[in-house]
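Observations on the model geometry
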Amino acid sequence: MSLENLIIPENYTSKLSLLETQIAIKKIKDFFEGELSKNLSLIRVSAPLMVRPESGLNDDLNGIERAVRFDMLDTKYDVEIVQSLAKWKRNALGSYRFDTYTGLYTDMNAIRRDEDLDNIHSIYVDQWDWEKIIKKTDRSKDTLKYVVTQIYNVFRSTEKYLESLYPFLRNELPSEIHFITTQELLDLYPDKTPKEREYLITKEKKAVFLMEVGKKLSDGKIHDGRAADYDDWSLNGDILFYFSTLDIALELSSMGIRVDKDALLSQLEERNQMHKSKFPFHQDVINERVPFTIGGGIGQSRICMFFLQKAHIGEVQSSVWPENMIELCKKNEIHLL
């Protein structure tokens with residue numbers, strides 16, 4: 001395992017002990033979850049850990065990550081560990097008969113076996129997946145920005161709450177989040193890579209919502225990969241914060257207004273994935289048998305990492321790491337759980 005992407009902050013020392021960290025993680029998660037539910041009118045539901053691959057409900061992410069698959073003894077067919085719940089949630093909203101402008105959230109746990117491990121990436125994923133129903137006429141950037149602002153207010157409230165408990169943990173998020181599209185970001189930094197652009201804009205603005213991720217840019221490339229069958233690439237984005245502990249742009253949430261028939265077929269065609277249009281979920285979208293929704297995921301470990309100013313995601317979640325990474329971190333006062 002190469003350690004070339006591992007960042008070791010100079011003179012790093014955790015501001016909380018291992019036990020204090022565990023207590024703080026619980027406080028952050030409980031508070032954030034409550035505020036998110038209240039701000040977006042969501043209720044908590046149970047969610048699957050695995051789905052059948054032929055259902056089309058699993059998330060292909062960038063299209064190259066392998067899902068963890070195994071056969072069930074009783075049924076003899078294969079199932080896959082979910083990589084996200086983007087499509088399952090939309091189905092569930094219809095099945096559970098949620099009202100317009102209400103929705104659900106759930107604890108999503110996943111295994112991403114092909115993840116490149118570093119300070120902020122683990123094979124274990126834990127996030128809040130959320131989804132709420134909107135009207136077809138609400139499929140606009142104004143709706144997207146409004147919901148992003150509601151979520152950003154949850155981050156701000158959590159910051160204030162945590163500072164009341166631990167005054168020495170100050171993050172100083174700005175009063176408002178900055179909105180910019182991937183094309184505007186390319187125009188601003190045409191000679192930089194996508195990750196360099198993200199770093200520069202977040203270091204300047206501190207909190208950024210980067211819109212239109214997956215949409216082809218003027219240079220013929222895309223800023224970053226997005227699956228073709230859940231977010232509408234014209235109406236999605238990522239919440240990015242500047243994270244001074246590691247001096248990086250830290251992605252804390254990916255979200256968007258979900259595809260309608262036109263966006264789904266257009267994006268599948270662009271990615272040469274039209275065969276997916278025959279899957280049950282995709283047929284439901286095409287025939288408008290599922291509600292129009294907006295939704296996303298918010299990384300639980302990453303928000304804890306951000307607010308507790310930790311140098312490695314392994315300080316706030318228990319996962320599996322290469323021995324050489326564990327040893328190097330330990331030598332530098334980074335104690336992985």
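Analysis parameters
- Residues numbered from 1 in each chain as written.
- Predicted model: local features only at pLDDT ≥ 70, side-chain atom pairs only at ≥ 80, totals over all residues.
- Heavy atoms only, no water.
- UniProt positions renumbered as here; feature names shortened; annotations may be inferred.
- Buried < 20%, exposed > 50% of the residue type's maximum accessible area, 1.4 Å probe, protein only.
- Helix = DSSP H or I, 4+ residues; strand = E, 2+ residues; numbered from the N terminus.
- Pairing = 2+ DSSP bridges.
- Salt bridge = Lys/Arg side-chain N within 4 Å of Asp/Glu carboxyl O.
- Arc of directions from axis to C-beta.
- Contact = heavy atoms within 4.5 Å.
- Axes fitted to C-alpha atoms, helices over the stretch in contact; angles between N-to-C directions.
- Left-handed = near helix turned anticlockwise from the far one by under 90°.
- Nonpolar A, V, L, I, M, F, W, Y, C, P; charged D, E, K, R; others polar.
- Patch = residues over 30% accessible without salt bridge, like charges linked within 9 Å, V, L, I, M, F, W, Y side chains within 5 Å.
- Areas by Shrake-Rupley, 256 points an atom, 1.4 Å probe, with all protein chains shown as cover.
- Phe/Tyr/Trp six-rings, centres within 6.5 Å; stacked < 30°, edge-to-face > 60°.

- Under an unreviewed UniProt entry, the name given to the protein is Aspartate--ammonia ligase, and the source organism is Sedimentibacter saalensis.
- Taken from UniProt, the Subcellular location (unreviewed entry) comment for the protein reads in full: "Cytoplasm".
- Per UniProt, the comment on the protein under Catalytic activity (unreviewed entry) is "L-aspartate + NH4(+) + ATP = L-asparagine + AMP + diphosphate + H(+)".

**Structural notes on the pairing of strand β8 (residues 207-211)**
- Of all the 5 residues making up β8, 5 are buried; the element is thus mostly covered by neighbouring parts of the structure.
- Side chains of β8 alternate between two faces, with A207, F209 and M211 and V208 and L210 buried alike.
- Relative to β8, strand β7 (residues 178-181) runs parallel, the two being bridged by 4 bridges. By the bridge assignment, H178 is partnered in β8 with V208.
- Summarising the sheet, β8 and strand β9 (residues 231-243) pair through 5 bridges and their orientation is antiparallel. Directly across from V208, in β9, lies its bridge partner L240.

**Overview of the UniProt feature "domain: Aminoacyl-transfer RNA synthetases class-II family profile" (unreviewed entry) in the protein**
- Mapped onto this structure's residue numbering, the UniProt feature "domain: Aminoacyl-transfer RNA synthetases class-II family profile" (unreviewed entry) falls at residues 113-322.
- Along residues 113-322 one finds 33% helix and 24% strand; the C-alpha atoms at either end are 13 Å apart.

**Some remarks on the pattern of salt bridges**
- Here the structure, examined in full by the defined rule, presents 25 salt bridges.
- A salt bridge links E35 to K38, with the shortest nitrogen-to-oxygen separation between them at 3.2 Å. Here E35 and its partner K38 are both found in helix α1 (residues 18-40), 3 residues apart, which amounts to about one turn of the helix.
- Here E35 falls in the buried class, since its relative accessible area comes to 15%.
- For K38, a relative accessible area of 55% translates into the label exposed.

**Let's talk about the sheet that holds strand β2 (residues 50-51)**
- On the basis of which strands lie adjacent, the open sheet formed by 3 strands has the order β2-β4-β3 and antiparallel pairing. Of all the strands in the sheet, just β2 and β3 (69-71) have a single pairing partner and so form its edges.
- As defined by bridge partners, β3 adjoins strand β4 (residues 78-81) across 3 bridges and the pair is classed as antiparallel. Bridged to R69 within β4 is E80.

**Comments concerning helix α8 (residues 300-307)**
- Within α8, 8 of the 8 residues are buried, which leaves the element mostly enclosed by the surrounding structure.
- Among the residues making up α8, those that are buried are Q300, S301, R302, I303, C304, M305, F306 and F307.

**Section: helix α6 (residues 261-270)**
- Among all positions of α6, only A263, L264, Q267 and L268 are buried. For α6, the arc enclosing every buried residue in end-on projection is 120°, short of the 170-degree limit, so these residues lie on one face. Relative to its buried face, α6 has exposed residues pointing more than 90 degrees away, namely D262 and E269.
- Residues of α6 that are buried in the fold lie against β9 and α7 (280-286).
- Following α6 by one or two positions, N272 has its phi on the positive side, about 55°.

**Points about unusual backbone geometry**
- Backbone geometry places Y101, a non-glycine residue, at a positive phi of 70°.
- Mapping Y101 onto the fold places it in the loop between α2 (86-95) and β5 (103-111).
- Given the relative accessible area of 38%, Y101 is considered partly exposed.
- Look at K206: it is not a glycine, yet its phi comes out positive at around 75°.

**Points about the packing of α1 against α8**
- Close contact between α1 and α8 brings their axes to 10 Å; oriented N to C, the two are set at 115°. Handedness of the crossing formed by α1 with α8: right-handed. Together, I25, I28, K29 and F32 of α1 and Q300, I303, C304 and F307 of α8 make up the contact between the two elements.
- Residues belonging to the contact of α1 with α8 are distributed by class as follows: 6 nonpolar, 1 polar and 1 charged.

**Remarks on a nonpolar patch on the surface**
- A cluster of nonpolar side chains, L49, M50, F70, M72 and Y77, forms an exposed patch at the surface whose accessible area comes to about 390 Å².
- Positionally, F70 belongs in strand β3.
- F70 sits in the partly exposed class, given a relative accessible area of 34%.

**Focus: the packing of aromatic side chains**
- This structure, assessed with the given rule, holds 13 aromatic pairs.
- An angle of 70° between the planes, with centres 6.0 Å apart, marks the rings of Y166 and F168 as edge-to-face.
- Overall, Y166 belongs to the buried group, its relative accessible area being 12%.
- Ring geometry for F179 versus F209: centroids 5.9 Å apart, planes at 70°, classification edge-to-face. On the criterion of sequence distance, the pair formed by F179 in strand β7 and F209 in strand β8 is long-range, its members being 30 residues apart.
- The exposure class assigned to F179 is partly exposed, which follows from its relative accessible area of 22%.
- Through a chain of ring-to-ring contacts, the aromatic side chains of F32, W128, Y152, F155, F241, F243, F306 and F307 assemble into a single cluster.

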